[in-house]
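Chain by chain, the residues:
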Amino acid sequence: MGTVPGDDTCDTSNKIKIPLITNIQRYSLQDGPGIRTTVFVKGCPLRCPWCHNPETQKTLPEINYNVEKCIGCAKCAEVCPTGATYIEGEGTDSFLRFDRSKCIGCGKCVKVCLAGAREITGQSLTMDEIVKEAMADRLFFMNSGGGVTISGGEPLLFPQFTLELAKRIKNEMAHLAIETAAFCRWTDLEQLVEHVDLFLIDLKTMDALKYKKHIHGDLDVILKNLENLLETKASVRVRLPIIPGFNDSFGDYEAMVNYLDQIRDKIESADILTFHSYGEKKYQLLGRDDYEYRNVHSMTFKPIKPLVDMLTEVGFIPGVSLTVGGLIGVNTMGSASGK
Ligand code: SF4
Ligand code: SF4
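Residues numbered from 1 in each chain as written. Chains lettered and ligands numbered in written order. Predicted model: local features only at pLDDT ≥ 70, side-chain atom pairs only at ≥ 80, totals over all residues.

Engineer: For the overall build of the protein chain, give the residues involved together with the corresponding values.
Structural biologist: Each helix and strand counted, the protein chain has 11 helices and 12 strands in total. Since a compact globule built from 339 residues should have a radius of gyration of about 20 Å, the 21 Å found for the protein chain is in line with a globular shape. Principal axes of the C-alpha set define a box for the protein chain whose edges measure 70 × 45 × 40 Å. Counting over 339 residues, the protein chain shows a buried share of 41%. Restricting the contact set of the protein chain to residue pairs at least 6 apart, pairs at least 24 apart contribute 74%. (Helix = DSSP H or I, 4+ residues; strand = E, 2+ residues; numbered from the N terminus. Rg over C-alpha atoms; globule rule 2.2 N^0.38 Å. Buried ≥ 20, exposed ≤ 12 C-beta atoms within 10 Å, placed from the backbone. Contact = placed C-beta atoms within 7 Å.)

Engineer: Describe in detail the site of ligand 2, supporting the description with residues and values.
Structural biologist: With respect to spatial proximity, 13 residues lie near ligand 2, and among them C70, C73, C76, C113 and A115 are the closest. Grouping the amino acids of the shell around ligand 2 by side-chain chemistry returns 10 nonpolar, one polar and two charged. (Near = placed C-beta within 6 Å. Nonpolar A, V, L, I, M, F, W, Y, C, P; charged D, E, K, R; others polar.)

Engineer: Could you give an account of unusual backbone geometry, naming the residues involved and the relevant values?
Structural biologist: Residue G152 is joined to G153 through a cis peptide bond whose omega torsion reads 15 degrees. Position of G153 among the secondary structure elements: in the loop between strand 7 (147–151) and helix 5 (159–171). The backbone of A182 shows a phi angle near 60 degrees, a positive value even though the residue is not glycine. If you trace the backbone, A182 turns up in the loop between strand 8 (175–180) and helix 6 (186–190).

Engineer: How would you sum up the pairing of strand 9 (residues 198–202)? Please name residues and give values.
Structural biologist: Burial analysis of strand 9 places five of its five residues in the buried class, which makes it a mostly covered element. Alternating positions in strand 9 separate into two faces, L198, L200 and D202 on one and F199 and I201 on the other, with burial throughout. Taken together, the four bridges between strand 8 and strand 9 define a ladder with parallel strand orientation. Residue pairing across strands places I178 opposite F199, the latter belonging to strand 9. Pairing of strand 9 with strand 10 (residues 236–242), which is carried by four bridges, proceeds in the parallel orientation. Bridging from a neighbouring strand, L200 pairs with R237 of strand 10. (Pairing = 2+ DSSP bridges.)

Engineer: Let's hear about the environment of N225: which residues, and what values?
Structural biologist: Tracing the backbone shows N225 in helix 8 (residues 219–231). Overall, N225 belongs to the buried group, with 24 C-beta atoms counted inside 10 Å. C-alpha of N225 to C-alpha of I201: the two residues are 24 residues apart in sequence and 10.0 Å apart in space. In contact with N225, not counting residues within four places along its chain, are A182, C184, W186 and L189.

Engineer: Give me the lowdown on the domain arrangement of the protein chain, citing residues and values where you can.
Structural biologist: What the domain assignment reports for the protein chain is domain 1 (21–59 + 124–324) and domain 2 (67–121). The C-alpha-based centres of domain 1 and domain 2 are spaced at 35 Å. (Domains from an automatic or database assignment.)

Engineer: Go over the nonpolar core, please, and point to the residues and values.
Structural biologist: By size, the foremost hydrophobic cluster in this structure holds 68 residues, and its most contacted members are V39, I169, A182, F199, I201 and V238. Setting aside its immediate chain neighbours within four residues, A182 contacts L189, I201, I222, N225 and L226. (Core = buried A, V, L, I, M, F, W, Y, C linked by C-beta atoms within 7 Å.)

Engineer: I'd love a proper account of the confidence of the model for the protein chain, names of residues and values included.
Structural biologist: In the predicted model, the protein chain carries a mean pLDDT of 92, and 94% of its residues have values of at least 70. Of the regions scoring below 50 in pLDDT, residues 9–13 engages in 10 contacts with residues more than four places distant in sequence or in other chains. Scored below 50 in pLDDT, residues 331–339 makes 21 contacts in the model with residues more than four places away or belonging to other chains. (pLDDT = per-residue confidence, 0-100.)

Engineer: Please provide a residue-by-residue account of helix 9 (residues 250–263), values included.
Structural biologist: Look at helix 9: 20 Å from first C-alpha to last across 14 residues, which is about the 20 Å you get at 1.5 Å a residue. Taken together, the buried positions of helix 9 are Y253, M256, V257 and L260. Buried positions in helix 9, seen along its axis, are confined to an arc of 100 degrees and lie on one side of it. Counted as exposed and oriented over 90 degrees from the buried face of helix 9: G251, N258 and Q262. (Expected span 1.5 Å × (residues − 1). Arc of directions from axis to C-beta.)

Engineer: Can you tell me about the packing of helix 3 (residues 127–134) against helix 5, naming the residues and giving the values?
Structural biologist: Two numbers describe how helix 3 lies on helix 5: the axes approach to 10 Å, and their chain directions differ by 45 degrees. When the axes of helix 3 and helix 5 are compared, the pair comes out oblique. Note on packing geometry: the crossing formed by helix 3 with helix 5 is right-handed. Between helix 3 and helix 5, the contacting residues are M127, I130, V131 and A134 on the first element and E164, L165, R168 and I169 on the second. Split into classes, the residues belonging to the contact of helix 3 with helix 5 amount to six nonpolar, no polar and two charged. (Axes fitted to C-alpha atoms, helices over the stretch in contact; angles between N-to-C directions. Parallel < 35°, antiparallel > 145°, perpendicular 65-115°, else oblique. Left-handed = near helix turned anticlockwise from the far one by under 90°.)

Engineer: Account for the sheet that holds strand 2 (residues 36–41), with residues named and values stated.
Structural biologist: The sheet built from eight strands is open, its strands ordered 1-2-7-8-9-10-11-12 with mixed pairing. Edge strands, defined here as strands with exactly one partner in the open sheet, are strand 1 (21–28) and strand 12 (322–324). Each adjacent strand pair in this sheet contributes to an overall mean axis angle of 20 degrees, direction not counted. Contacts from helix 3 reach strand 1, strand 2 and strand 7, with the element oriented near 20 degrees to strand 1.

Engineer: Any details on helix 5? Residues and values, ideally.
Structural biologist: Compared with the 18 Å implied by 1.5 Å per residue over 13 residues, the 18 Å span of helix 5 between its first and last C-alpha is a close match. Each element contacted by the buried residues of helix 5 is listed here: helix 3, strand 7, strand 8 and helix 6. Following helix 5 by one or two positions, M173 has its phi on the positive side, about 65 degrees.

Rendered as structure tokens:
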């Protein structure tokens, strides 16, 4: 299990290492039942080429630079301690340059940018601050059967943090979900079982070679973790991100359906998440030109209809144990005091 992430998440003084947080998103409707607040951690061991949250991939802070908002005042270049932001040329022939390889994410340029052209992704928060913000919508949780979801990035890249946050949220009597690709050590996932009400597990493909080559993960580890999790009788929804040209062929659908049919009685549902292009702008702001799905349109229902039909044929029930689009409605177990 040497290549499975999660080994170096505690510092030497044994304190819990808290990851940077890219967002604590309130009124989230697609990360579990009801109205939720989703905590996005920064850092992921996988590299899905279609990722629509690229700001959550790296663990270090990054600068979003929106050229369209820049008024060319050059204040950022004056304060940049590393020369990452600098002026090239003189007078009317001068240009503002940003060499991201020299950027240490100190945020000094963000503070002086009055135009709002720069912002930092990845906030350093204390556990108390995260819990306070995550629980700010407690009343909405109670009325909608919602709660808190820990997402990312990959929460299991920070197993001790995720465990501690899970305990704190459960102490607040809120429903707790965790969104994970399950590419982690089983022991890290196992320790969460008694604190988590719902696991949202991503299953991106049943093709191990494709998983390794394009996503940089190990499908065997993921399936073993999923199966171990089901043995514990944990509540699990399997999420199927369907991506044009990656896993939307008949063969891909068939492999997914065959597998899901075997575990159908042990999972709450299969949730189909169709590709959307909302992340494209984020790549631009991060200065990344490696987004492979540039100009690819968001998916419609038509290409996933065969998958819906195949899942229905093996017994998944649309609207109950089969959903499309991420909305899964209210928690029918009530306002989720949890386990
Ligand atoms: S974050 Fe710091 S190092 Fe990076 S460009 Fe801004 S001032 Fe320079
Ligand atoms: S401080 Fe902001 S507005 Fe001024 S040059 Fe830098 S990025 Fe542009």
